[in-house]
There are 2 protein chains.
Amino acid sequence: MSSTITHAPKGLEGIVATTSSICYIDGEQGVLAYRGIDIHELADHSNFEETCYLLWNGKLPTNDELGKLKVQLASERKLDPAIISLLRNAPRQALPMDVLRTAVSALSFYDPEEKNNDHQANVNKAIRLTSQIAMIVAAYDRIRKGLEVVAPDPKLSHAANFLLMLTGKQPSSTAEKALDIALILHADHELNASTFAARVTAATLSDMHSAVTSAIGALKGPLHGGANEAVFRILESVDKSGSDPVDYIKGMLAQKKKVPGFGHRVYHTEDPRATHLRKMSQDLGQASGQIKWFQISQKIEKFVNADKKLNANVDFYSASTYHTLGIDVDLFTPIFAVSRVSGWTAHVIEQLDDNRLIRPRADYVGPAYPQHWTPPSQR
Amino acid sequence: MSSTITHAPKGLEGIVATTSSICYIDGEQGVLAYRGIDIHELADHSNFEETCYLLWNGKLPTNDELGKLKVQLASERKLDPAIISLLRNAPRQALPMDVLRTAVSALSFYDPEEKNNDHQANVNKAIRLTSQIAMIVAAYDRIRKGLEVVAPDPKLSHAANFLLMLTGKQPSSTAEKALDIALILHADHELNASTFAARVTAATLSDMHSAVTSAIGALKGPLHGGANEAVFRILESVDKSGSDPVDYIKGMLAQKKKVPGFGHRVYHTEDPRATHLRKMSQDLGQASGQIKWFQISQKIEKFVNADKKLNANVDFYSASTYHTLGIDVDLFTPIFAVSRVSGWTAHVIEQLDDNRLIRPRADYVGPAYPQHWTPPSQR
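Novice: Which parts of the structure should I look at to understand the pattern of salt bridges?
Specialist: Side chains that differ in sign of charge can pair as their charged atoms come close. Taken as a whole, this structure holds 54 salt bridges over all chains when the rule is applied. Here Asp-328 of chain B and Arg-144 of chain B are joined by a salt bridge, their closest N and O atoms 3.9 Å apart. Taken together, the residues Asp-328 of chain B in the loop between α15 (314–324) and α16 (332–353) and Arg-144 of chain B in helix α6 (residues 119–144) connect sequence positions 184 residues apart. One connected set of salt bridges, linked through shared partners, spans Asp-98, Arg-101 and Lys-220 of chain A together with Glu-114 and Asp-207 of chain B.

Structure below.
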């Protein structure tokens, strides 16, 4: 055992916690790559199912391998009736992220490999969880609106099936493509907080469902996945109040409020995901006649860029993109989970393939040892 | 933003991830103290409720403060009927830790302060979760055995009420005292993996229920809380097979198996908690006429100590202690959670009082960037 102690910067900033073969980031050049393949190439040419294969297996699939994975993902589009009951029984005020976290935790009761923590079992769980999380998000949205749960269609892609189950209608090819690209862009991002929570959980040799449940809990926070929802609340507020977007943001800054959707721990240049989402927000806005969300976003971006020297991150333009796709604001973060489960599970598999308990130390700054217990009457 | 990169040892061993005023550990001297007060003094003089107050508030309570906390804890001994339904609807093969994780996640639906993340709301949630987790563990054990859920008794201590709800009988004062001390000893342990998972989750500004749900998932693993269950499975196996305990362990070591309940990332000497649990295991064994579990444990301890130079940790003698108290082996880890929720919640409160996102980096060792996307036919 080592007795060397190293004091890390707050929040473990700049601390390399593990090696990983999954995600390459160059924060200075604005590069993000999965297994070495640039996110721009994947956004332009790949699809979410292929990206899942890449993340889980470390290489692009052959036609046969991709076909097989698509069949597996489609055949896992089923939820135990008890999970549907759990969604129905959740009180209507329950937050979608709280419901998703609870339902994913409950999936462990019904997983045929719950007690098996080997590599292949965890790949199987990754496939199941990817299909099931999309279904849970869509089904809960239907249930809370008093609508029928829509049956999945095994002939559809992951993105199209999700939109079908959410809206009850076959999506347009534009909507399918937009969501598919958004799912690719959000699939992984190295040791972001939710993925790190998943790895810390898995590293006790716990299990995939525990790890993904932890990740969903971490993703919920406004400093992480919750930011895309926070961005849209601002766009909405600007729109409702009729204020000038720049004045609105100046008001926030005057109150020392952080503007969500800007800045990133890792990127010192533009977040490469923002490049795609900005264009998608504009294209979808123009196609749907709802360009105002893009326009408000763009004004805010220009101002924050100039005034605070902060770049838009992945959350900023995903807000207007999802809204233009007709998705409710409190589903933005659950949809992040629909994508990121692919990365979480890839990281858990990698962690367990060469595991060590993740257990740092704290620097004790409390009352000096030894203090003493005294009888209550003497306190 | 800092661009300095530090490579940490695997598992963040020896990395100081945060300052903390909660738990003092001296791994060389075998010291564990909560808020500066040695665990030995607390085990000898305190009780679990007082220890909770100490962990949450940083000081021992006056008589009035302790009385008030006891009333609060007792008045939070209630579960929404939907939580009881969730426990009833879990399939009988569901693992108690999976059920506990799911039920705690579902508690968020009914928490009156779910959307409030301020200091006082989180202290209130700590109190509620401490009462509710004990009830969930006891109620699920009754339900899975086809027994009636036992109503809580607000006049009893936390330990006695738990035993009442578990067994349906008023516990003996010996049993109450033994469990109370076990709860004190397990209440906190600095940045152990489950507490770290809770802090990583909370640091996205997520919420207390998300953080405690993450912690339960991490605690489940056999490299963490799951070890006490693994220890008892060995004691049981030795007893059933009639083998000599030393031969049994030699056989495990010959198969390169790790013996659970020995060694600790932080202590290089005896785990101070083991000192108490060893004595408790012996005393309870003698009092109940079930001394064999202590005797088998002691033989294993002596051998592993001599042969592997490893000391027993908190998990080793908690196995025989809990068994002698009549607790089922698959409840050992849930009972760890019944105690550790006090520490998890104290750490979440501390994290949120001075928060920074916990987001380390990974060292990319995958296919060199840039790889390229190729059409499937060319792979």
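That covers the picture; the talk isn't over yet.
Novice: Would you explain the side chain of Asp-153 of chain B in this entry?
Specialist: All names here are of chain B. Locating Asp-153 in the fold gives a position in the loop between α6 and α7 (158–167). By relative accessible area, Asp-153 is classed as buried at 12%. Look past the residues within four positions of Asp-153 in its chain and what remains in contact with it is Arg-77, Asn-161, Leu-164 and Gln-170.

Novice: Before we go on, may I ask you to explain unusual backbone geometry in this structure?
Specialist: For residues besides glycine, phi is generally negative; the peptide bonds are generally trans as well. Residue and element names in this part refer to chain A. With an omega of -5°, the peptide bond running from Tyr-369 to Pro-370 counts as cis. Looking at the secondary structure, you find Pro-370 in the segment after β6 (361–364). Phi at Leu-12 takes a positive value of approximately 55°, unusual for a residue other than glycine. If you trace the backbone, Leu-12 turns up in the loop between β1 (6–7) and β2 (15–20).

Novice: I would appreciate a short explanation of helix α14 (residues 292–308) of chain B in the present structure.
Specialist: All names here are of chain B. The first and last C-alpha atoms of α14 sit 24 Å apart over 17 residues, in line with the 24 Å expected at 1.5 Å per residue. Three or more residues of α14 are buried, namely Trp-293, Phe-294, Ile-296, Ser-297, Ile-300, Glu-301, Phe-303 and Val-304. On its buried face, α14 is in contact with α11 (227–241), α12 (245–254), α13 (272–288) and α15.

Novice: I would appreciate a short explanation of the interface of chain B and chain A in the present structure.
Specialist: Often, the extent of an interface is quoted as the loss of accessible area upon association of its parts. Residue-level contacts link 110 residues of chain B with 110 residues of chain A. Overall, the association of chain B and chain A removes approximately 10,000 Å² of surface from exposure, summing both partners, and the carbon and sulfur fraction of that is 58%. If you sort the residues of chain B by the area they bury against chain A, Arg-359, Arg-361 and Trp-373 of chain B come out on top, with a joint share of 9%. The interface formed by chain B and chain A contains 14 salt bridges. A salt bridge links Arg-356 of chain B to Glu-13 of chain A; the shortest N-O distance between them is 2.3 Å. At the boundary of chain B with chain A, the tally comes to 73 residue pairs in polar contact (both at pLDDT 80 or more). Residue classes in the side of chain B that touches chain A are distributed as 48 nonpolar, 41 polar and 21 charged. Note that β2 of chain A and strand β6 (residues 361–364) of chain B share 4 bridges and pair parallel. Within β6 of chain B, the residue paired with Val-16 of chain A across the bridge is Arg-361 of chain B.

Novice: What am I meant to see in the packing of aromatic side chains here?
Specialist: The way to describe two aromatic rings as a pair is by their centre distance and the angle between their planes. All chains considered together, the criterion is met by 19 aromatic pairs over all chains. Aromatic side chains Phe-196 of chain A and Phe-196 of chain B sit 5.7 Å apart centroid to centroid with 85° between the ring planes, which places their arrangement in the edge-to-face category. Of this pair, Phe-196 of chain A sits in helix α9 (residues 193–202) while Phe-196 of chain B sits in helix α9 (residues 193–202), each in a different chain. With respect to class, Phe-196 of chain A is no different from Phe-196 of chain B; both count as buried. When the ring of Tyr-369 of chain A is compared with that of Tyr-24 of chain B, the centres are 5.0 Å apart and the planes differ by 20°; the resulting orientation is stacked. In this pair, Tyr-369 of chain A is assigned in the segment after β6 and Tyr-24 of chain B in strand β3 (residues 23–26), connecting two distinct chains. The partly exposed category is assigned to Tyr-369 of chain A, whose relative accessible area is 30%. Owing to a relative accessible area of 21%, Tyr-24 of chain B belongs among the partly exposed residues under this scheme. Aromatic ring contacts, followed pair by pair, group Phe-232, Trp-293, Tyr-322 and Phe-332 of chain A into a single cluster.

Novice: Even after reading the chapter, I still don't get the packing of α14 of chain B against α15 of chain B, so can you show me in this structure?
Specialist: Geometrically, a packed helix pair is captured by the angle between its two axes and the distance between the axes. Residues and elements named next belong to chain B. Across the interface, α14 lies against α15 with an axial gap of 10 Å and an inter-helix angle of 170°. Comparing the axis directions of α14 and α15 gives the class roughly antiparallel. In this structure, α14 contributes Trp-293, Phe-294, Ser-297, Gln-298, Ile-300 and Glu-301 to the contact, and α15 contributes Phe-316, Tyr-317, Ser-320, His-323 and Thr-324. A per-class count over the contact of α14 with α15 returns 5 nonpolar, 5 polar and 1 charged.

Novice: What am I meant to see in the side chain of Asn-192 of chain B here?
Specialist: As for its placement among the helices and strands, Asn-192 of chain B is situated in the loop between α8 (173–186) and α9. A distance of 3.2 Å separates a polar side-chain atom of Asn-192 of chain B from the backbone oxygen of His-189 of chain B. Looking at Asn-192 of chain B, its side chain comes within polar contact range of the side chain of His-224 of chain B, at 3.3 Å. If near-sequence neighbours (up to four positions away) are discounted, Asn-192 of chain B is found in contact with Arg-359 of chain A together with His-224, Arg-340 and Trp-344 of chain B.

Quick notes on the rules
- Residues numbered from 1 in each chain as written.
- Chains lettered and ligands numbered in written order.
- Predicted model: local features only at pLDDT ≥ 70, side-chain atom pairs only at ≥ 80, totals over all residues.
- Heavy atoms only, no water.
- Salt bridge = Lys/Arg side-chain N within 4 Å of Asp/Glu carboxyl O.
- Helix = DSSP H or I, 4+ residues; strand = E, 2+ residues; numbered from the N terminus.
- Buried < 20%, exposed > 50% of the residue type's maximum accessible area, 1.4 Å probe, protein only.
- Contact = heavy atoms within 4.5 Å.
- Expected span 1.5 Å × (residues − 1).
- Buried area = accessible area lost by both parts, 1.4 Å probe.
- Polar contact = N/O pair within 3.5 Å; in protein donor to acceptor, adjacent residues only side chain to side chain.
- Nonpolar A, V, L, I, M, F, W, Y, C, P; charged D, E, K, R; others polar.
- Pairing = 2+ DSSP bridges.
- Phe/Tyr/Trp six-rings, centres within 6.5 Å; stacked < 30°, edge-to-face > 60°.
- Axes fitted to C-alpha atoms, helices over the stretch in contact; angles between N-to-C directions.
- Parallel < 35°, antiparallel > 145°, perpendicular 65-115°, else oblique.

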